[in-house]
Structures are given as C-alpha cells and as structure tokens.
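Residue strings, one per chain:
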Amino acid sequence: MILAAMMATALAGADLTDMPAESAADLQCMGLLAVAIDDPALSETLKQQYSGGMMYYLGRLEGRDPRTNWVRRMLDYTDSTPVQQVRSHSQRCGHELIAKGQEIFTLLDR
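Conventions we followed
Residues numbered from 1 in each chain as written. Predicted model: local features only at pLDDT ≥ 70, side-chain atom pairs only at ≥ 80, totals over all residues. Heavy atoms only, no water. Axes fitted to C-alpha atoms, helices over the stretch in contact; angles between N-to-C directions. Helix = DSSP H or I, 4+ residues; strand = E, 2+ residues; numbered from the N terminus. Parallel < 35°, antiparallel > 145°, perpendicular 65-115°, else oblique. Left-handed = near helix turned anticlockwise from the far one by under 90°. Contact = heavy atoms within 4.5 Å. Salt bridge = Lys/Arg side-chain N within 4 Å of Asp/Glu carboxyl O. Buried < 20%, exposed > 50% of the residue type's maximum accessible area, 1.4 Å probe, protein only. Disulfide = S-S within 2.5 Å.

Q: Go over the packing of helix α2 (residues 21-37) against helix α3 (residues 44-64) with me, naming the residues and quoting the values.
A: Between α2 and α3, the least distance of the axes is 9 Å, while the angle of their chain directions is 155°. The pairing of α2 with α3 is recorded here as roughly antiparallel in orientation. Pair α2 / α3 crosses with left-handed handedness. Counted together, Glu-22, Ser-23, Asp-26, Leu-27, Cys-29, Met-30, Leu-33, Ala-34, Ala-36 and Ile-37 of α2 and Lys-47, Tyr-50, Ser-51, Gly-53, Met-54, Tyr-57, Leu-58, Arg-60, Leu-61 and Arg-64 of α3 form the full contact between these two elements.

Q: For the pattern of salt bridges, give the residues involved together with the corresponding values.
A: Under the counting rule described, the total for this entry stands at eight salt bridges. The partner of Asp-65 in a salt bridge is Arg-67, with the nearest N and O atoms 3.5 Å apart. For Asp-65, a relative accessible area of 18% translates into the label buried. Connected through salt bridges with shared partners, the residues Asp-26, Arg-60 and Arg-64 form a single ionic network.

Q: Tell me about the state of the cysteines, and please be specific about residues and values.
A: Counting across every chain of the model gives one disulfide. Each sulfur in the disulfide pair Cys-29 and Cys-93 lies 2.0 Å from the other. Given an S-S torsion of about -85°, the disulfide between Cys-29 and Cys-93 has left-handed geometry. Residue Cys-29 is located in helix α2, and its partner Cys-93 is located in helix α6 (residues 90-108); the two are separated by 64 residues in the primary sequence. Residue classification places Cys-93 among the buried residues on the basis of a relative accessible area of 2%.

This is the structure we're talking about:
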C-alpha cells in the first residue's frame, strides 16, 4: 500500500499546491529550462540563452517571495517530476519568454 502511494506520487510529479499558481507556473518554466540546459547536445549559445531565461523566472519568484530558496525548490521539482511532465510546459514557457523579449525589444526600438 505504501509503495503504491509512493509510485502514484512519483508519476504525478512534485506537489506545487503549497504556492500561488503564478509561482508554480514560474517554477515549472525555470525547471524546464534547467532540464534543457542539462542536455549534452545543446549548444553553448542555447545554454546561455536558457540560463538567461532561468534568471528571469528566478527573479520573478524571488520578487514574490525572497525568503524561499527557489533554486532548491526547482531542483526538488525537477528531481521528483517525470521529464516528460516537466517538458509539457515548453509551449507555455516559450510563448512567455518570446512575448517578454518582444516587449523589451519594442520598447528599446523607439
């Protein structure tokens, strides 16, 4: 019975219900980028770009709650969540980063 509960938890991934939805979403994006950076086939250029994205999400998280160790929370999330589930947020996170980048470049190009 205990083993079955542990297996169900592992398949479901990390429980992020203890934080606001926007923080959970940002943590998922930060975790997605961390998993992507860990790919040995990834170019150094993409690693640097993904690192910048991680810092963006870390800044958002720390801005909301500076007392939480968000890097540790992200590692707990990625370590306890199936990779496919982590990657399931790629479209949303990618759209968020593209939109923010476009917003920044639009303001800079005045």
